[in-house]
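Secondary and tertiary structure notes
Here is how the chains run, residue by residue.
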Amino acid sequence: MADADWSRRGLCRTVPPDELFVEGAAQNRAKALCSGCAVRTECLAYALDQRIEHGVWGGMTERERRALLRRRPTVTSWWSLLHTARLEYARAHRDGDLVKRQAS
């Protein structure tokens, strides 16, 4: 992973770890914390690449991560895939904003 200190920037560093390794409805509260986190992508990629089986990581429960791994068995680096997708998303939105400004 290119940025090894991502975990120090996560919103979850402010809550007890027990709040992230929960079951049932409590998982929704843990996932809500992830929704505004700047390192959500890195966190999810780490959990997928390391095949972490417990807890909420990057806004996904263990069940959701297992399902994603089953759907995409050929992915060898989730970090690379998610990082590239984030860059493409940002570029598309930047380019779209540029086109809108030029049309005005």
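This section reports on the structure supplied with the text. (Residues numbered from 1 in each chain as written. Predicted model: local features only at pLDDT ≥ 70, side-chain atom pairs only at ≥ 80, totals over all residues. Heavy atoms only, no water.)

To continue, consider the nonpolar core. Formed by Leu44, Ala45, Leu48, Met60, Leu68, Leu69, Val75, Trp78 and Trp79, the largest nonpolar core amounts to 9 residues. Put simply, the parts of the chain that give this core at least two residues each are helix 2 (40-49), helix 3 (62-71) and helix 4 (78-103). It is helix 2 that contributes the most residues to this core, 3 residues altogether. Of all hydrophobic cores here, the second largest spans 6 residues; its members include Trp6, Cys37, Val39 and Trp57. (Core = buried A, V, L, I, M, F, W, Y, C linked by side-chain atoms within 4.5 Å. Buried < 20%, exposed > 50% of the residue type's maximum accessible area, 1.4 Å probe, protein only. Helix = DSSP H or I, 4+ residues; strand = E, 2+ residues; numbered from the N terminus.)

All right, on to helix 1 (residues 26-35) then. Buried within helix 1 are the following residues: Ala26, Gln27, Ala30 and Cys34. Projection of helix 1 onto a plane perpendicular to its axis shows the buried side chains occupying an angular sector of 105°, all on one side. Exposed and facing more than 90 degrees away from the buried side of helix 1 are Asn28, Arg29 and Ser35. The inward-facing, buried residues of helix 1 abut helix 2 and helix 3. (Arc of directions from axis to C-beta. Contact = heavy atoms within 4.5 Å.)

Applying the stated criterion across every chain, the model contains 3 salt bridges. Arg9 serves as the salt-bridge partner of Asp5, at 3.1 Å between the closest nitrogen and oxygen. A residue is classified by how much of its surface remains accessible, and Asp5, at 27% relative accessible area, is partly exposed. Overall, Arg9 belongs to the partly exposed group, its relative accessible area being 39%. Measuring nitrogen to oxygen at the nearest pair gives 2.7 Å for the salt bridge that ties Glu64 to Lys31. Placement of the pair is Glu64 in helix 3 and Lys31 in helix 1, with a sequence separation of 33 residues. (Salt bridge = Lys/Arg side-chain N within 4 Å of Asp/Glu carboxyl O.)

A few words on the packing of helix 2 against helix 3. Where helix 2 meets helix 3, the axes come as close as 11 Å, and the angle between the chain directions of the two elements is 70°. In terms of axis orientation, helix 2 runs roughly perpendicular to helix 3. Viewed along their axes, helix 2 and helix 3 form a crossing whose handedness is right-handed. Here Leu44, Ala47 and Leu48 of helix 2 lie close against helix 3, whose contacting residues are Arg65, Leu68 and Leu69. Taken together, the residues of the contact of helix 2 with helix 3 break down into 5 nonpolar, no polar and 1 charged. (Axes fitted to C-alpha atoms, helices over the stretch in contact; angles between N-to-C directions. Parallel < 35°, antiparallel > 145°, perpendicular 65-115°, else oblique. Left-handed = near helix turned anticlockwise from the far one by under 90°. Nonpolar A, V, L, I, M, F, W, Y, C, P; charged D, E, K, R; others polar.)

Under the defined criterion, the tally for this structure stands at 3 aromatic pairs. Both rings, one in Tyr46 and one in Trp57, keep their centres 5.9 Å apart while their planes meet at 35°; by these two values the pair is tilted. Of the two residues, Tyr46 is situated in helix 2 and Trp57 in the loop between helix 2 and helix 3; the sequence distance between them amounts to 11 residues. Given a relative accessible area of 18%, Trp57 falls into the buried group. Here the aromatic cluster, defined as three or more aromatic residues joined through ring pairs, consists of Trp6, Phe21, Tyr46 and Trp57. (Phe/Tyr/Trp six-rings, centres within 6.5 Å; stacked < 30°, edge-to-face > 60°.)

From the geometry alone we can't say anything about function, so treat these as descriptive.
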